[in-house]
Amino acid sequence: MTRQRHYDHAAEGLDVVIVNQVPSRCLSELATALSECGHRVTLLAGAAAGTAAMGDVVVVPLCDYDTRTYGSRVRSWVGFTFQAAVHLSRLSANTVVVACSNPPTMPFIAAAVAVFRRFAIVLRVLDVYPDVLRAVPFPGRGFVAWLYGAVNRWTYARCSAVTTLGATMADTLSAYIARSRIRIIPEWISEAPDRDEDTSAGAASVMTVVAAGNVGATHDIAPLFSAAKMMRAEPVRFVVSVKDSARLSSALPETGNVQLLERLPDDEYVQLLDSAEVAFVSQRALAEQSSFPSRVLTYLRHGLAVVAAVGRPSDLAALLDQHSCGIVVPPSAGAKGVADALRVLSSDREAREQMRHAARRAALGFTRAEWLPAFIAVVEKAAADHRHAAGTIEHG
């Protein structure tokens, strides 16, 4: 006798569980939007993500992401994954789980639990593992990459849908799943840029360069600090705002032109971006094809020219090249390459302003109005396909 499971009709709404240890604003907006569509939504996230008003979304706080050391990161990944697995093991077969690659163990665990619970999985690949680990040398990396690759192929084959952030990342993912099955849905900006007004009038005589966000194993701030030393006598100031800024204090150049700040509240961060002309971002060599620093979209929305220390091919370099909104510095050029790029922007105000205008135009391709509905459609289609397949099996 075939075991029967209950599958709700689509009109009754979906049960959606979103899993991400450090959910982005976009993921929180997805949860809220799905809830507003009449679906029942639960967000499993690290406790530090908070429980800010998200409509009827149920937020379940789990283990926080601990970035202090490589060991603490792994321990926090394991803790979160175990707690999430316990929650997933209680789900019914008509649930759709949006599993993100944060922590990187989560996709496999979600797929493993789904073997028994029979729920659908929409996979959100924010970093392609194990490929992104190529930038982080450690003992046994070759074996880990081989094992992770085998696990990926098993995991992805069991997902109803797979999404990632850009074309280069999708190409990297195609080693584990057919390229035709990968849907590109980038992160998005909540508000379209203001009208493309003239920013050159009254421009400050000192150019402000901002760097913000996570400084991790694949994002290196050292080239910017070294460039600041080279430019100590030039009209350029640097503002770096990161979480756990004390970790960088020992590397801070004593040149007087770098300001190191703890991660700012949203309103102060916006003020910082509005006061700057240029943003800096980096990706270590060998990691650029496996991730995309989504903070760049915020820089574009605020009209900042972007200096990116990143290799090609990469989604970041392709974005800047396509829209002429920044300068790509090959990692091999080092701090001198970063300093030379900043000198171009500092000395040529017209070129800098053209890039700033181009940045705002580029941001128009990453609006919430375009990409949030696309993500909702992926989730709802995955649910419909899953229910159809389950009905065919049960009644066949």
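Located above this text is the structure these notes cover.
Right, let's walk through the structure included here. Quick caveat, the model's predicted, so the values are computed rather than measured.

1. Details of the sheet that holds strand β1 (residues 15-19)
One open sheet accounts for seven strands, arranged β3-β2-β1-β4-β5-β6-β7; its pairing is parallel. Unpaired on one side and paired on the other, β3 (58-62) and β7 (182-184) mark the two borders of the sheet. The average angle at which neighbouring strand axes cross in this sheet is 20 degrees, direction not considered. Across five bridges, β1 lies against strand β4 (residues 95-100) in parallel orientation.

2. Observations regarding the pattern of salt bridges
Counting across every chain of the model gives 14 salt bridges. The salt bridge involving R25 is made with E29; its shortest N-O contact spans 3.4 Å. In this pair, R25 and E29 are both assigned in helix α1 (residues 25-36), four residues apart and thus about one turn of the helix distant. Where salt bridges share partners, they join E234, K336, D340 and R343 into one cluster.

3. Brief notes about the environment of S241
Examined against the element boundaries, S241 turns out to sit in strand β9 (residues 236-242). Looking at S241, the relative accessible area reads 3%, which means it is buried. For the pair S241 and R312, spaced 71 residues apart in sequence, the C-alpha to C-alpha distance is 27 Å. Those residues in contact with S241 that lie beyond four places of it in its chain are A211, A212, G213, L261, E262, R263, L264 and L272. A polar contact is formed between the side chain of S241 and the backbone oxygen of E262, at a distance of 3.2 Å.

4. Focus on the packing of helix α3 (residues 106-117) against helix α4 (residues 141-156)
Close contact between α3 and α4 brings their axes to 9 Å; oriented N to C, the two are set at 45 degrees. In terms of orientation, α3 and α4 fall into the oblique class. Note that α3 runs across α4; the crossing there is left-handed. On the side of α3, the interface is formed by P107, F108, A111, A112 and V115, while α4 contributes V151, W154 and T155.

5. With respect to the state of the cysteines
Going through the model one piece at a time under the given rule, you end up with zero disulfides. No disulfide involves C26; its sulfur sits 11 Å from that of C100, the nearest cysteine. Here C325 stays unpaired: no disulfide links it, and the sulfur of C26, its closest cysteine neighbor, is 18 Å away.

6. Focus on the pairing of strand β8 (residues 207-212)
Most of β8 is tucked away, with six of its six residues classed as buried. Side-chain alternation along β8 places M207, V209 and A211 on one buried face and T208, V210 and A212 on a second face that is also buried. As paired elements, β8 and β9 share six bridges and run parallel to each other. Looking at the pairing, A212 lines up with S241 of β9. With two bridges connecting them, β8 and strand β11 (residues 278-282) associate as parallel partners. Among the inter-strand pairings, V210 is bridged to a residue of β11, identified as A279.

The rules behind the values
Residues numbered from 1 in each chain as written. Predicted model: local features only at pLDDT ≥ 70, side-chain atom pairs only at ≥ 80, totals over all residues. Heavy atoms only, no water. Pairing = 2+ DSSP bridges. Helix = DSSP H or I, 4+ residues; strand = E, 2+ residues; numbered from the N terminus. Axes fitted to C-alpha atoms, helices over the stretch in contact; angles between N-to-C directions. Salt bridge = Lys/Arg side-chain N within 4 Å of Asp/Glu carboxyl O. Buried < 20%, exposed > 50% of the residue type's maximum accessible area, 1.4 Å probe, protein only. Contact = heavy atoms within 4.5 Å. Polar contact = N/O pair within 3.5 Å; in protein donor to acceptor, adjacent residues only side chain to side chain. Parallel < 35°, antiparallel > 145°, perpendicular 65-115°, else oblique. Left-handed = near helix turned anticlockwise from the far one by under 90°. Disulfide = S-S within 2.5 Å.

These results come straight from atomic positions and should not be treated as a statement about function.
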